[in-house]
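A structural walkthrough
So the chains spell out like this:
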Amino acid sequence: MGKHNLGYFLHEGVSNMFSHGFMSFASIGITVACLLIMGTFTLVAVNANELLAGLEQENEILAFVDESYSRNEALGVQRELEALPNVLTTTYVSKAQAMDSFAEKYADDPLFQNLDPEILRDRYVVKIESLEQQSQTVAQLRQVPGIADVSAYEEIASGFIAIRNIASVVCAALIAILFIVSVFIISNTIKLTTFDRREEIAIMRMVGATNGFIRWPFVYEGLLLGFLSATLSFFLQWGLYEAVAQGVDTSDTLQLIKVVPFQQLWPAVAVIFAGAGILIGVGGSLSAIRKFLQV
């Protein structure tokens, strides 16, 4: 492809894009909306995964030892706990250690000082590998001889897992549906240009112009529409993400949620948006021009 041809193709592509201003604007608007919706659900899924990873690192299950067990008997339970699947580590905590930790946590409240450790139970702090298997692990812990009770925040973990799974499924479905919609809109926009120039295209074919020479201006038009859509989508997504992140950070009721900084995500978001926008634009242009190049 020579420099003169490249300049011609670019000039024709830009001219085509502006020749149908409203449809080009509609194509960009629809594609931007589609990319924003896809990007938002994808980022929700990413943040849900990060939250789950953090919870897996910090989450602790408390397995309380039967009160009738002596210290030696309580220590003997540890081997059975560690043999369970999904159990990462177990730490024995005696009644006295638990009371010291409790008193330190509530150091400013005299009601919780100088309490008898015997009111508490010996326990094991159990850390697990996967939160998705937490319910099964809790059930298995309850079956271990010597374990009288188990305490775990199953509802919180289940909630985050549900959010992650829903976001992933919705994201996959939306990507498929909105991709088709975007390609359809851009294809129809370019079809207007090809329809207006159908006589010119026919003459070009009669004088021996190659399909590539005819096709490239429309490909560049689609590429420009897709790239402009991707650029607008990226900056709108950035602003929307930062606004939501700031709202979460300043909220008193969402302190457990830590939003991944956009500075860590923007390179991947930019590449995905650019790739999706260009693919949508070029795919739409190729779909539109195909029937005009049929012999």
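Refer to the structure presented above.
To keep things clear, this report deals only with the structure shown in the data block. These numbers were taken from a predicted model, which means no experiment stands behind them.

From N to C terminus, the protein chain includes 10 helices and 4 strands. The order of α-helices and β-strands along the protein chain, N terminus first, is α-α-β-α-α-β-α-β-α-β-α-α-α-α. When each of the 295 residues of the protein chain is scored for burial, the buried share is 38%. By sequence separation, contacts in the protein chain at least 24 residues apart represent 83% of the contacts at least 6 residues apart. About 16900 Å² of surface is accessible on the protein chain, with carbon and sulfur atoms providing 63% of the total.

Let us look at the environment of Ile175. Summarising the element assignment, Ile175 is placed in helix α7 (residues 154-196). You can call Ile175 partly exposed: its relative accessible area is 37%. Sequence separation between Ile175 and Cys34 is 141 residues, and the spatial gap between their C-alpha atoms is 8.2 Å.

Below, the discussion takes up the sheet that holds strand β3 (residues 123-128). One open sheet holds the 4 strands; their spatial order is β2-β3-β1-β4, and the pairing between them is antiparallel. Looking along the sheet, the strands with just one partner apiece sit at the ends: β2 (87-93) and β4 (147-151). Each adjacent strand pair in this sheet contributes to an overall mean axis angle of 25 degrees, direction not counted. Judged from the 4 bridges that link them, strand β1 (residues 61-65) and β4 form a sheet pairing that is antiparallel. Its bridge partner being in β4, Leu62 is matched across the sheet by Ser151. Along the sheet, helix α6 (residues 134-142) makes contact with β1, β2, β3 and β4, crossing β4 at roughly 160 degrees.

Right, let's talk about α6 for a bit. Among all positions of α6, only Gln134, Thr137, Val138 and Leu141 are buried. Along α6, the residues classed as buried sweep out an arc of 100 degrees about the axis, all on the same side.

With that settled, consider the packing of aromatic side chains. Counting across every chain of the model gives 6 aromatic pairs. Taking the centre distance of 5.3 Å and the plane angle of 75 degrees together, the rings of Phe234 and Phe235 count as edge-to-face. On the basis of relative accessible area, Phe234 is assigned to the buried category, the value being 9%. Arranged with centres 5.6 Å apart and planes meeting at 70 degrees, the rings of Phe234 and Trp238 form a pair that is edge-to-face. Of this pair, Phe234 and Trp238 both sit in helix α9 (residues 211-250), 4 residues apart, roughly one helical turn. With a relative accessible area of 28%, Trp238 lands in the partly exposed category. Through successive ring pairs, a cluster of aromatic residues spans Phe234, Phe235, Trp238, Tyr241 and Phe262.

Across the 6 residues that make up β3, a large majority, 5, are buried. In this structure, β1 lies alongside β3, joined through 4 bridges in antiparallel fashion. Residue pairing in the sheet places Phe64 in a bridge with Arg123 of β3.

We now examine the pattern of salt bridges. This model, assessed by the stated rule, comprises 2 salt bridges. Here Glu67 makes a salt bridge to Arg121, at a shortest N to O gap of 3.3 Å. Taken together, the residues span a long stretch of sequence, with Glu67 in the loop between β1 and α3 (71-76) and Arg121 in the loop between α5 (95-105) and β3 at a distance of 54 residues. On the basis of relative accessibility, which here comes to 57%, the residue Glu67 falls in the exposed class. Exposure remark for Arg121: the relative accessible area of 26% places this residue in the partly exposed category. The partner of Arg142 in a salt bridge is Asp149, and the shortest N-O contact between them spans 3.4 Å.

In terms of nonpolar packing, the biggest core is built from 21 residues, with Ile61, Leu81, Tyr124, Val126 and Ile147 touching the most fellow members. Contributions of two or more residues to this core are made by β1, β2, β3, α6, β4 and α7. Not counting the four nearest positions on each side in its chain, Val126 is found in contact with Asn59, Glu60, Ile61, Ala63, Val87, Thr89 and Thr90. Leu174, Leu178, Ala230 and Leu265 belong to the second-largest nonpolar core, a separate cluster that totals 15 residues.

Scoring rules and cut-offs
All residue numbers here refer to positions counted from 1 along the written sequence of the relevant chain. Per-residue local features are limited, in this predicted model, to residues with pLDDT of at least 70; the limit for side-chain atom pairs, both in listing and counting, is 80 or more; totals at the level of whole chains, interfaces and linings are taken over all residues. Hydrogens and water are ignored here; the side-chain numbers use all heavy atoms of the structure. Here a strand is any run of E in DSSP of at least two residues, a helix any run of H or I of at least four, and the numbering for each starts at the N terminus. Only protein chains enter the calculation, and the probe is 1.4 Å; a residue is then buried if its accessible area is under 20% of its type maximum, exposed if over 50%, and partly exposed in between. Throughout, a residue-residue contact means that at least one pair of heavy atoms, one from each residue, lies within 4.5 Å. The protein chains shown are the only cover counted for residues, whose accessible areas, like all others here, come from Shrake-Rupley with a 1.4 Å probe. Whether two strands pair depends on DSSP finding at least two bridges between them. Under this scheme, a helix contributes an axis fitted over its contacting stretch, all axes are lines through C-alpha atoms, and angles between N-to-C directions fall in the 0 to 180 degree range. Within this analysis, the arc is defined by the directions that extend from the helix axis to the C-beta atoms. Within 6.5 Å between ring centres, the rings of Phe, Tyr and Trp (the latter by its six-membered ring) count as paired, and their orientation is classed by plane angle as stacked under 30 degrees, edge-to-face over 60, tilted in between. Any carboxyl oxygen of Asp or Glu that lies within 4 Å of a side-chain nitrogen of Lys or Arg is treated as forming a salt bridge with it. Definition used in this section: a nonpolar core is a set of buried Ala, Val, Leu, Ile, Met, Phe, Trp, Tyr and Cys residues joined via side-chain atoms within 4.5 Å.

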